[in-house]
Amino acid sequence: MRILITGGAGFIGSHLAQTCLERGDEVYIIDDLSTGSMDNIRFLQDNPAYENKLFVHINTILNADIMLELTGICDMVFHLAAAVGVQTILDKPLESIVTNIQGTEKVLEMCNKFKKRVLIASTSEVYGKHMHAPLVETDNIIYGPSSKFRWSYAASKLMDEFTALAYHRTNGLEVTIARLFNTVGPRQTGAYGMVIPRFVTQALKNDPITVFGDGNQTRTFTFVKDVVTALIKLIESDQSVGEVFNVGGHEEISISDLAQKIIQMTGSSSTIKLIPYEEAFGKDFEDMLRRVPSTDKLESITGFKPDKRLDFILSQVIASIMGK
Ligand SMILES: NC(=O)c1ccc[n+]([C@@H]2O[C@H](COP(=O)([O-])OP(=O)(O)OC[C@H]3O[C@@H](n4cnc5c(N)ncnc54)[C@H](O)[C@@H]3O)[C@@H](O)[C@H]2O)c1
């Protein structure tokens, strides 16, 4: 198979590229390196076995010519390129909306032109301010006001979902949407606000661990290799066409307890420092206090459920940040 991965030099994209290459696919990557890095894929480029199997294009998905060429060549498309992370969205609000809305439109337009199978990476952020658990794909969506710019990430990804589903309904495009919950593993950077690599880096330096808000907000975490397995199973399933799926882990933990666990696992002397949201993100921010997925739908279609425990995930991240 020839696989196009947009955002393939990013955290999840690089793991997906690795798995596709390992199973014998030809992989085409397009990435503008805005949050991704060549360091994520250099080990693949340097592997002689992949010399004529991996093709990397440093370019933007907004470039119609290159997207036309790459979509035409490939059999299926994983669309992962996006402006990612609350910090990115707050720092570059307009650029982020353009990437997430116009970029996804471009990908879908090209897939429709060549009738190529496509998977769109969405996010648990689309659910908004729910407190109940678990979240199911048919739940209502609750956002804050447009003055709180953090919701623009959720809204732009939701618009991507609508556009993808509209292409399916109108043109029969074979599209699947994966709503990813917090995904973690080696190669994820803490530079754009991702909580686990940020905490681990602080703990390893014995610096204070900076917890935003009161630390009672909870999350679940999914190991990146489980996410890759789910994405591949979804794109290979006929039953997933035109459907939305949660992809997430099940072990709920508060952010304060997460910080404590990381201190304990790294043997760190760090203390926990609470920072009010406004100080960390400015007035345009409000948090989602809880995010726990139901993955029944994913399991019923693919037979797969992300099951890596948090201790295992943390040990992998700690080892990779320590360079082991
Ligand atoms: N990591 C998570 O916890 C998580 C959770 C929910 C959803 N997601 C989604 O998964 C996808 C991948 O996220 P990630 O965690 O690997 O983040 P990432 O930032 O590592 O990956 C995104 C990649 O897209 C690239 N990119 C951005 N704009 C581009 C453009 N215009 N043209 C080409 N490339 C561009 C970036 O350089 C980066 O390599 C994203 O769509 C994100 O919204 C991730």
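These figures come from a predicted structure and were not determined experimentally.

Draft legend 1. Geometry of the sheet that holds strand 2 (residues 26-31). A sheet is described by the order of its strands in space; here seven strands give the open sequence 3-2-1-4-5-6-11, paired in parallel fashion. For this open sheet the edge positions go to strand 3 (54-58) and strand 11 (244-247), each flanked by a neighbour on one side alone. Direction aside, the axes of adjacent strands within the sheet are offset by 20° on average. Sheet topology places strand 1 (residues 2-6) next to strand 2; five bridges connect them, and they run parallel. Of the residues in strand 2, the one forming a bridge with I3 is V27. Relative to the sheet, helix 6 (residues 151-171) contacts strand 5 (117-123), strand 6 (175-180) and strand 11, its axis offset from that of strand 5 by approximately 155°. Lying over the sheet, helix 8 (residues 224-235) contacts strand 4 (76-79), strand 5, strand 6 and strand 11, oriented at roughly 160° with respect to strand 6.

Draft legend 2. Spotlight on the pairing of strand 2. Extensive coverage of strand 2 is indicated by the burial of five of its six residues. Taken together, strand 1, helix 1 (residues 11-22) and strand 2 form a β-α-β motif whose crossover is right-handed. Inspection of the sheet shows strand 2 paired to strand 3 by five bridges, in the parallel sense. Among the inter-strand pairings, I30 is bridged to a residue of strand 3, identified as H57.

Draft legend 3. Highlighting the site of the ligand. The full set close to the ligand counts 29 residues, and G7, G10, T35, G36 and A82 are the nearest of them. Of all elements in the fold, only helix 1, strand 2, helix 5 (93-114) and strand 5 reach the threshold of two or more residues within the shell around the ligand. If one sorts the elements of the shell around the ligand by residue count, helix 1 sits on top with three residues. Classifying every residue of the shell around the ligand gives 14 nonpolar, 13 polar and two charged.

Parameters and conventions
Residues numbered from 1 in each chain as written. Predicted model: local features only at pLDDT ≥ 70, side-chain atom pairs only at ≥ 80, totals over all residues. Pairing = 2+ DSSP bridges. Helix = DSSP H or I, 4+ residues; strand = E, 2+ residues; numbered from the N terminus. Axes fitted to C-alpha atoms, helices over the stretch in contact; angles between N-to-C directions. Contact = placed C-beta atoms within 7 Å. Buried ≥ 20, exposed ≤ 12 C-beta atoms within 10 Å, placed from the backbone. Right-handed = clockwise from strand over helix to strand, strands pointing away. Near = placed C-beta within 6 Å. Nonpolar A, V, L, I, M, F, W, Y, C, P; charged D, E, K, R; others polar.

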